[in-house]
Amino acid sequence: MTTAAIVIPRRRPWTGAIELLGQLVLRPAGLVGLAILLVLTALSIAPSFFVGPIQTAVTATGPRLSPPSIDFLLGTDQLGRSMLNLTVHGTRISMVIGLIATVITVLIGAVIGIVSGYVGGRLDAVLMRITDFFLVLPTFVLALILTPIIRDLVGNATAEVFGIRMTLIVIIVVIGITSWASTARIIRSQTLSIRERAFVDRARVIGAGGGHIMRRHVLPNVINLIVANAVLTFAGAVLTETTLSFVGLGDPFQPSWGQLLEAARAVGAPGLGAWWYFVPPGVGIVLVVLAFTLVGSALDDLLNPRRRRAP
Amino acid sequence: MTQPEPAAVAILEDGQVRKLPRLADPTAPLLEVENLKTHFTLESGMVHAVDGVSFRLDQGEALGIAGESGCGKTTTALSLVQLLPPNGRIVEGTVRLYGIDLAGKSENAMRRYRWREIAIVFQGAMNALNPVRRIRDQIAEPIVERLGADPKAARRRAGDLLELVGIPRARGSAYPHELSGGMRQRAMIAMALACDPAIIIGDEPTTALDVMVQAQILELLERLRAQLGLSLILITHDLSVIAETCDRVLIMYAGRIAEDGRVADLFSKPRHPYTQKLLAAFPNIHADRRTLDTIPGSPPDLRNPPPGCRFAPRCALAMDICRVEVPGATILPDGVRVECHLYPAGSDGTPILVPADVT
Amino acid sequence: MGGRFLGRKAASAAITILAIILVNFLLFRLMPGSPERIILRGVPNVTEQQRVALRERWGLNDPIFPDQFVKYLGATATGDLGYSFVARGQTVAAVIGQRIGPTLLLFGLGEILAILIGLALGAYSGWKRGTAVDYVGNGISLVLYSTPYFLLGMALLLVFSTGLRWFPTFGMLTAGRIYASPLDLLADLAFHLTLPLLTVSLGLVGQYSILMRSSIVETLSEDYVTTARAMGLQDGRVLTGHALPNALLPTVSLVAINLGYVIAGAITVEVVFNWPGLGTLAVEALTARDYPVLQGVFLLLSISVVLANLLADVVYGFLDPRVRT
């Protein structure tokens, strides 16, 4: 055997991403999922471009709780606001909340997973005990309690982050700190299997420090899994926020889809037969979760080390 | 669920009597496969996994099927009992067991012959045994389900079979994960014997085992063959196993048979260039040390097999005709059958040697 | 089955429950306002004596760790979870006790139905993999899986209650109705139960059938299934005797893990149908900032999930001999 130097090929991170995207589009599941996501992203970035500024109780012009008509394609709510307008704006709110919550969740989960998997020993045991605890806990109920407590503690701050009001930021943070457990587990097991691989040992022999190894060797190989996991986490985050808003923790001034659904229920829309009030935001949620689940499992298929051919 | 009552009988060499299935023809050979073709349908095309395989197995014989991975050995075995995955199909040929053609039978009709006439022992027995059921129960299952025995009698018989293969009866209550690799393989053999089949097919039966255990398993198979008048088909890529255990051997390449004959003849006078290369690839402990002789290239893609002889692209003695015309089977004077243009009809069988690699 | 195996799992569960109570304790200390004010807020006409006694019982005069925590632990173990803000004078335990029944009924029945139907559907789907049945079944399951339970509920309400008028719109029993006989009561109950039960079951079926399907597909490619078929066993026997027992294993684990997520859905279903269970209690307590009740519900639900996981572990040990050693 020749003794070649250990060369970790330095690829630009995005070439890998573009390849992946290409392969993703070839699968029907991935294609449908991506298409839906594209539409939703467009709506999220510039909702006002498509339907005008968000309507409020003051600027509402339509008749109250009326079914779809030529003027109001998706009908109106009990304040006379156009459901089309509200639903499209809700897209931005729901998606941004989902995004930030996912970032927090994956950050915490990945850090804990990598550190735990790489360092091992006592630290690993302790961290995993905590992680398992969070896995068993019904985190939704925990979020239910934490949100009002933290909101009361934070007070009436009117600051906005990424155009999202403080009340919703609290929800985002709460989702982040309660949902990281499954990500941590997955990342940890991937880290463990990478740690066993020879090149990490060689790097150690050269004298590279732990942090360096984690950054330059472990991280690039885990990134794929993190991305796939993030996609599935996004779906979960949107669902969680929707449910939390549905039980009353949403913000009526920045209605996400969950908040719209809560308003629909409060008004008694199902009982009144006002299907246009809850079907549009509902369809939105189903589409987002479906799209992310499809893309997420297509990614999982592609990146699953068992099915990958050895380079 | 009553199986048709076997009527005819066959009397074996040592006087044992074996009951034959109802439709059997007592004068026919035990197993005769003619021009078997099995294809798989993939997204990327049709894989011609087995493309015209013919051979014969006589009562009490041990036949080896050897070849590289992917040459179609396992597919051939699975085709015999129609145990192919959903995307596989026998497209042509006959498989005659006592003269009864199994290839054309429906799934329901096929069931009669599975295990009771032909049983399969898979490789590794790591996952070939159900991990959540006791060994004894798994051996007893075919006795109950296929022979209609009552559970108690079946368990007793299972115990008998365990002892026959050298496992203490008491170990029958163990689960697969509690047994060593060798014992698991013995248990699988016991399971294969449950319905007293005529033929046992061993698919790489010793590959996952260490050499000592390998020897024990082969010895067991020999003993069973003598005691019970079993006929064996051993599928393996390990020629030494075949040399030790089998009477005759088929060498397969890319879905077709290269050479077929008695082990002694084939191993001492290999005719087909592939056979020669295969034998040469095995290090000879007595010869001088030299670098291993390898066969350059790789087996053809069976979705698009090359026209003509499949080995031609890698054959050192390939002639023009080899690339164009599929060689027919020639039976040489000493009984060896070979499919190669070097030995056309009427050839006297003198081996044409492949030049050894100059290192 | 190994006593050690059981022992280990039970001990683990006990530690988890302890940790849950700790979390509860921390939450209790996190809340704005002084602890005794929070505990006693719902009680009218509190005397100074009561206040002093309470401080003693709950250890509010003692340092937080370990004394106060131990006292809190003791109080929780005996069922003393404080007093509800909203239901003046009633203990949290009493309030929760009134609402457990309906939730058990709805959720328990829903789980049983979903497990039976979902697993069967998933198994059949996996067995017939690649056929039309599989694609249709999988598609429906996927959509069901992506739909929040309360949305399903609202849709069902719209169609079957408002539209077709087959079922009532809310509640567990018709308000103010006098029943001629227990059978009458049962009928009314069943009537009200149908839609919420359908909602919970549909949501769960989607999940379970997807789980079971992928488990069966993987199992069917194992060598022992090929051996079973090679033995000439009937298809049904191969499925039930060999494939299913092995396919059930990961499914059992996953069902248990999913329990936490399912609770969120169950709460919202109760809200949609105004079903008088723990879910609606939690939301009412949330709106009224009735923290003691909220915490009590959290405690109860969390411990239930831990116990359910323990049960799943036991069942798994029963099914898979490999973990018993």
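Structural data are supplied above this passage.
Residues numbered from 1 in each chain as written. Chains lettered and ligands numbered in written order. Predicted model: local features only at pLDDT ≥ 70, side-chain atom pairs only at ≥ 80, totals over all residues. Heavy atoms only, no water.

Draft legend 1. Quick peek at the environment of G101(C). Residue and element names in this part refer to chain C. Tracing the backbone shows G101 in helix α5 (residues 92–127). By relative accessible area, which is 40% here, G101 ends up partly exposed. Taking the C-alpha atoms as reference points, G101 and M172, separated by 71 residues in sequence, lie 11 Å from one another. (Helix = DSSP H or I, 4+ residues; strand = E, 2+ residues; numbered from the N terminus. Buried < 20%, exposed > 50% of the residue type's maximum accessible area, 1.4 Å probe, protein only.)

Draft legend 2. Just the pattern of salt bridges, in detail. Residue and element names in this part refer to chain A. Here the structure, examined in full by the defined rule, presents 31 salt bridges over all chains. Where R185 meets D132, a salt bridge forms, and the shortest distance between an N and an O atom there is 3.0 Å. Here R185, found in helix α8 (residues 181–195), pairs with D132, found in helix α5 (residues 121–136); they are 53 residues apart in sequence, far enough to count as distant. Residue classification places D132 among the partly exposed residues on the basis of a relative accessible area of 29%. (Salt bridge = Lys/Arg side-chain N within 4 Å of Asp/Glu carboxyl O.)

Draft legend 3. Structural view of the interface of chain B and chain C. In this assembly, 23 residues from chain B lie in contact with 23 residues from chain C. Where chain B abuts chain C, roughly 2200 Å² becomes buried across the two surfaces, and 58% of that area is made up of carbon and sulfur atoms. Joining chain B to chain C, the criterion identifies 3 salt bridges. Put simply, D235(C) and R111(B) hold a salt bridge, and the shortest N to O gap is 4.0 Å. Inspection of the chain B/chain C interface yields 6 residue pairs in polar contact (both at pLDDT 80 or more). Of all the secondary structure elements, the ones that give two or more residues to the side of chain B that touches chain C are α3 (135–147) and α5 (181–193) of chain B. It is α3(B) that provides the largest number of residues to the side of chain B that touches chain C, a total of 5 residues. Here the residues of the side of chain B that touches chain C sort into 12 nonpolar, 5 polar and 6 charged. (Contact = heavy atoms within 4.5 Å. Buried area = accessible area lost by both parts, 1.4 Å probe. Polar contact = N/O pair within 3.5 Å; in protein donor to acceptor, adjacent residues only side chain to side chain. Nonpolar A, V, L, I, M, F, W, Y, C, P; charged D, E, K, R; others polar.)

Draft legend 4. Looking closely at the side chain of N130(B). Tracing the backbone shows N130(B) in the loop between β8 (118–121) and α3. Looking at N130(B), the relative accessible area reads 0%, which means it is buried. If sequence neighbours within four positions are ignored, N130(B) has contacts with Q138(B), P176(B), Y224(C), G241(C), H242(C) and N246(C).

Draft legend 5. Seen up close, the packing of helix α6 (residues 139–154) of chain A against helix α7 (residues 166–178) of chain A. All names here are of chain A. Where α6 meets α7, the axes come as close as 9 Å, and the angle between the chain directions of the two elements is 140°. Of the possible angle classes, the one that applies to α6 and α7 is oblique. Handedness of the crossing formed by α6 with α7: right-handed. Contacts between α6 and α7 involve T139, L142, A143, L146, T147, I150, R151 and V154 on the former and, on the latter, M166, T167, V170, I171, V174, I177 and T178. Looking at the contact of α6 with α7 residue by residue, the classes come out as 10 nonpolar, 4 polar and 1 charged. (Axes fitted to C-alpha atoms, helices over the stretch in contact; angles between N-to-C directions. Parallel < 35°, antiparallel > 145°, perpendicular 65-115°, else oblique. Left-handed = near helix turned anticlockwise from the far one by under 90°.)

Draft legend 6. Main features of the interface of chain C and chain A. Taken together, the contact between chain C and chain A spans 43 residues of the former and 38 residues of the latter. Interface area for chain C against chain A, summed over the two sides, is near 3700 Å², with a carbon-plus-sulfur share of 82%. Across the chain C-chain A interface, the total number found is 0 salt bridges. Viewed at the interface, chain A and chain C are joined by 0 residue pairs in polar contact (both at pLDDT 80 or more). Of all elements in the fold, only α1 (3–30), α6 (132–146), α7 (149–163), α10 (235–273), α11 (278–287) and α12 (291–319) of chain C reach the threshold of two or more residues within the side of chain C that touches chain A. The biggest single contributor to the side of chain C that touches chain A is α12(C), with 9 residues. Taken together, the residues of the side of chain C that touches chain A sort by class into 32 nonpolar, 10 polar and 1 charged.

Draft legend 7. Structural context of unusual backbone geometry. Phi is positive for L65(A), close to 45°, though the residue is something other than glycine. Mapped onto the fold, L65(A) is located in the loop between α3 (47–51) and α4 (83–119). Phi at R289(C) takes a positive value of approximately 55°, unusual for a residue other than glycine. Residue position: R289(C) is located in the loop between α11 and α12.

Draft legend 8. Region of interest: the sheet that holds strand β14 (residues 337–338) of chain B. Residues and elements named next belong to chain B. Taken in spatial order, the 8 strands make up an open sheet running β8-β9-β10-β5-β11-β12-β14-β13, and their pairing is mixed. Two strands lie at the open edges of the sheet, namely β8 and β13 (330–331), each paired on one side alone. By the bridge criterion, 2 bridges tie strand β12 (residues 256–262) to β14 in an arrangement that is antiparallel. Paired with D260 across the strands is R337, a residue of β14. Across the face of the sheet, helix α1 (residues 73–80) comes into contact with β5 (62–66), β8, β9 (199–203), β10 (231–236) and β11 (248–253) while running at roughly 145° to β10. (Pairing = 2+ DSSP bridges.)

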